[in-house]
Amino acid sequence: MSDQAVLHVKGRVLVGADDVRDELWVVGGRISYERPGARDIRTVEGWALPGLVDAHCHVGLDAHGPVPDDVSEKQALTDREAGTLLIRDAGSPSDTRWIDDRADLPKIIRAGRHIARTRRYIRNYAHEIEPEDLVAYVAQEARRGDGWVKLVGDWIDRETGDLSACWPREAAAAAIAEAHRLGARVTAHCFAEDSLRDLVEVGIDCVEHATGLTEETIPLFASRGVAIVPTLVNIATFPQLAAGGETKFPRWSSHMRALHERRYDTVRAAYDAGVPVYVGTDAGGSLAHGLVAGEVAELVTAGIPPIEALSATTWGARRWLGRPGLDEGAPADLVVYEGDPRADVRVLAAPRRVVLDGRVVG
């Protein structure tokens, strides 16, 4: 399609959960609901959604640490082909700002680099520091990121042989307050139970994974409006991880299995209590990119209604991240499918057309 051509998307346009229209137009890369007076028109038919959101993704990272730009490009392209057009990068040691200059790659909201305790996270991923330096590093990453900072809230403690909280409450409180002062929100990797109450009570905005939620902490999350990104496609790897650590860390292995076994009940209980839930795959690291459709299906398996699981990767997720959906005048970032994703979210696994900034790219 030429830069002057108009794209006509017709069929069913899912502007919102309760807002379904028959067509939209893409003029100059932006969405319009008024028919333009153009002759050069390309038509795409099907079911249209806003570009999908992966709210926990790592571009520029693999199992060993930072990757070259050509690998980062392949990761971003894989996500794009899956329909993911907006990524919240939940921690990466790589500088991916060059992606912002590429109109053919997904838009990224960065959380800077992970901040972890010394020797309490995956090697080559994070700034590894002690609590007295936490405020300074949070301020640094708040300035480097796009409105988010990522903490590692818990990890295996080799002395106890199990997961435990990484940050004293006072250090976390001061760091989160500093991020907020600088206009950034804070999220944290948390698998286990014991870091959650302190982090929520001192003002954290989101928790990644959140497998350690209990009937005591779920109401606290709900009352404070703290979101979770369950990354269920990643939690599916817990049994394999547990088996690998069984000999050296049997307590940790048993704990990981228990968290895995109750994962669906945990997510459904959080949703039922009113905790905001969003889609994230944890792509990068050891997981492949392009898994967004699988994560939406996992949320449905957990008991979240399909329309709400769709919202968690479209309308609701974009609103949470402060980015537009299929709004009049917004950049035309959308995905078109053969069938109705409300009837079967598995439709998301096979995009018919991917449109980014008004151009058909896939």
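Residues numbered from 1 in each chain as written. Predicted model: local features only at pLDDT ≥ 70, side-chain atom pairs only at ≥ 80, totals over all residues. Heavy atoms only, no water.

A. Structural view of the overall build of the protein. When helices and strands are counted, the protein shows twelve helices and 20 strands. Against the globule reference of 21 Å for 362 residues, the protein gives a C-alpha radius of gyration of 21 Å, in line with a compact fold. With respect to the three principal axes, the spread of C-alpha positions in the protein is 70 × 40 × 35 Å. With 362 residues in all, the protein has 56% of them scored as buried. Looking at the protein as shown, the accessible area adds up to about 14,600 Å², and 47% of this sits on carbon and sulfur atoms. (Helix = DSSP H or I, 4+ residues; strand = E, 2+ residues; numbered from the N terminus. Rg over C-alpha atoms; globule rule 2.2 N^0.38 Å. Buried < 20%, exposed > 50% of the residue type's maximum accessible area, 1.4 Å probe, protein only. Areas by Shrake-Rupley, 256 points an atom, 1.4 Å probe, with all protein chains shown as cover.)

B. Main features of a positive patch on the surface. A cluster of basic residues, Arg119, Arg123, Arg158 and Lys248, forms a positive patch on the protein surface. Along the chain, arginine 119 turns up in the loop between strand E10 (115-117) and strand E11 (127-129). A relative accessible area of 57% places arginine 119 in the exposed class. (Patch = residues over 30% accessible without salt bridge, like charges linked within 9 Å, V, L, I, M, F, W, Y side chains within 5 Å. Salt bridge = Lys/Arg side-chain N within 4 Å of Asp/Glu carboxyl O. Lys, Arg positive; Asp, Glu negative; His and termini not counted. Charge placed at Lys NZ, Arg CZ, Asp CG, Glu CD.)

C. Geometry of the nonpolar core. Counting 77 residues, the largest nonpolar core has Leu134, Leu151, Ile204, Phe221 and Leu299 as its most contacted members. Of the residues forming this core, the biggest block, five residues, is contributed by helix H3 (residues 169-181). Formed by 14 residues, the second largest nonpolar core is a distinct cluster that contains Leu24, Val26, Ala332 and Val336. (Core = buried A, V, L, I, M, F, W, Y, C linked by side-chain atoms within 4.5 Å.)

D. Main features of unusual backbone geometry. The residue arginine 119 is not glycine, and still its phi comes out positive at about 60°. Positioned with a positive phi, asparagine 124 is a non-glycine residue whose angle comes to about 75°. Along the polypeptide, asparagine 124 turns up in the loop between E10 and E11.

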